[in-house]
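The chain contents come next:
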Amino acid sequence: AAIDLDPSSTSIRRSLAWIHYYTRGYEPALYHVRRTIAMNPTQEENHRVLGLILAQQGEWAEAERAFREAMTLSSELAYAAAGVGYVLARTGRREEAEGILRELEIRARERYVSPVAFCILTAGLADVDATFRWLERTYQDRRGWMAYLRLEPILDVVRSDPRFEEFVRRMKL
């Protein structure tokens, strides 16, 4: 395996964390992402992946801390802010989550904000219709994240909706 050839590669280790996250193997995902953070604590994506994993485990306070740390490392990317909003929404802090949504909408008027961020946040708010609108935009923008459509745990909230299977068919997944 690649990790055996280069155990100090943060890229390989983070990729392993992503693979385990998408297959819902959260403990091995945590192991790899924490090792990655130890090797490179200044990479935004490392903390964001940690936040995603912890959120799926229901470790909300730790997930929020991880997303907020990611935000301090890269204020330009909207994914970490969306992660914070996701956590806030899932923990009953809806107004705060909607505030982050409004901030992202304002930011999107001035520069590109990935529709993936809006998918994450609206899924956290359990706003199924809005999530599908943003999924459509994600599809139109040809975002690579769509390749994980069948796997992304955040999308569990929309998975039973018939529109979800339509997306899967369109993506030929």
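Residues numbered from 1 in each chain as written. Predicted model: local features only at pLDDT ≥ 70, side-chain atom pairs only at ≥ 80, totals over all residues. Heavy atoms only, no water.

(A) Representation of the overall build of the protein within the structure. Scanning the protein from terminus to terminus reveals 10 helices and 0 strands. Element order for the protein, N to C, with α for helix and β for strand: α-α-α-α-α-α-α-α-α-α. The C-alpha radius of gyration computed for the protein amounts to 16 Å, which stays within 12% of the reference 16 Å derived for 173 residues, consistent with globular compactness. Along the three orthogonal principal directions, the C-alpha set of the protein runs to about 45 × 35 × 30 Å. Across the 173 residues in the protein, those meeting the buried criterion constitute 47%. (Helix = DSSP H or I, 4+ residues; strand = E, 2+ residues; numbered from the N terminus. Rg over C-alpha atoms; globule rule 2.2 N^0.38 Å. Buried < 20%, exposed > 50% of the residue type's maximum accessible area, 1.4 Å probe, protein only.)

(B) The arrangement of helix 8 (residues 115-124) in detail. With 10 of its 10 residues buried, helix 8 lies for the most part within the structure. Listed as buried for helix 8 are P115, V116, A117, F118, C119, I120, L121, T122, A123 and G124. Looking at the buried side of helix 8, the elements it contacts are helix 6 (79-90), helix 7 (94-110) and helix 9 (128-140). One or two residues past the end of helix 8 sits A126, with phi positive at roughly 55°. (Contact = heavy atoms within 4.5 Å.)

(C) The nonpolar core, seen in detail. Counting residues in each nonpolar core, the largest one holds 51 residues, and the members touching the most others are Y21, I53, L104, L135, W145 and L149. In this structure I53 touches Y21, Y26, A29, L30 and V33, once residues within four positions along its chain are discounted. (Core = buried A, V, L, I, M, F, W, Y, C linked by side-chain atoms within 4.5 Å.)

(D) Main features of the environment of Y86. The residue Y86 is located in helix 6 in this model. The class of Y86 is buried, set by a relative accessible area of 3%. It is 13 Å that separates the C-alpha atoms of Y86 and I53, two residues lying 33 residues apart in sequence. Discounting residues that sit within four places of it in the chain, Y86 has contacts with A55, Q56, W60, I120, L121, A123, G124 and I154. Polar contacts involving the side chain of Y86 include one to the side chain of Q56, which spans 3.4 Å. (Polar contact = N/O pair within 3.5 Å; in protein donor to acceptor, adjacent residues only side chain to side chain.)

(E) Just the side chain of E152, in detail. With respect to the helices and strands, the residue E152 is situated in the loop between helix 9 and helix 10 (162-171). Those residues in contact with E152, other than ones at most four positions away along the chain, are Y21, Y22, R24, W145 and R159.

(F) Region of the structure containing the layout of surface pockets. Within this model, the largest pocket holds a volume of roughly 300 Å³. Lining the largest pocket we find 15 residues, and of these W18, Y22, R48, W145 and Y148 sit closest to its centre. Top contributing element to the lining of the largest pocket by residue count: helix 2 (residues 10-22), with 3 residues. (1 Å grid on protein atoms, 1.4 Å probe; cavity = no way out; pocket = protein on both sides within 12 Å on 5 of 7 lines; lining within 4 Å. Points joined across faces, edges and corners; volume = space filled by probe spheres on them.)

(G) Region of the structure containing the packing of helix 9 against helix 10. Put simply, helix 9 and helix 10 touch, their axes get as near as 11 Å, and they point 10° apart. In terms of orientation, helix 9 and helix 10 fall into the roughly parallel class. For the pair helix 9 and helix 10, the contacting residues are V128, D129, F132, L135, E136 and Y139 in the first and R163, F164, F167, R170 and M171 in the second. Taken together, the residues of the contact of helix 9 with helix 10 sort by class into 7 nonpolar, no polar and 4 charged. (Axes fitted to C-alpha atoms, helices over the stretch in contact; angles between N-to-C directions. Parallel < 35°, antiparallel > 145°, perpendicular 65-115°, else oblique. Nonpolar A, V, L, I, M, F, W, Y, C, P; charged D, E, K, R; others polar.)

(H) Region of interest: the packing of aromatic side chains. Per the counting criterion, the structure on display carries 9 aromatic pairs. A ring pair is formed by Y21 and Y26, whose centres lie 6.2 Å apart and whose planes are at 55°; its orientation type is tilted. Per residue, the accessibility class of Y21 equals that of Y26, and both read buried. Ring geometry for Y139 against F167: centres 6.3 Å apart, planes inclined by 80°, an arrangement best described as edge-to-face. Placement of the pair is Y139 in helix 9 and F167 in helix 10, with a sequence separation of 28 residues. Among the aromatic residues, those joined into a ring-pair cluster are W18, Y21, Y22, Y26 and Y148. (Phe/Tyr/Trp six-rings, centres within 6.5 Å; stacked < 30°, edge-to-face > 60°.)

Interpretation note: all reported values are geometric properties and have no functional meaning in isolation.
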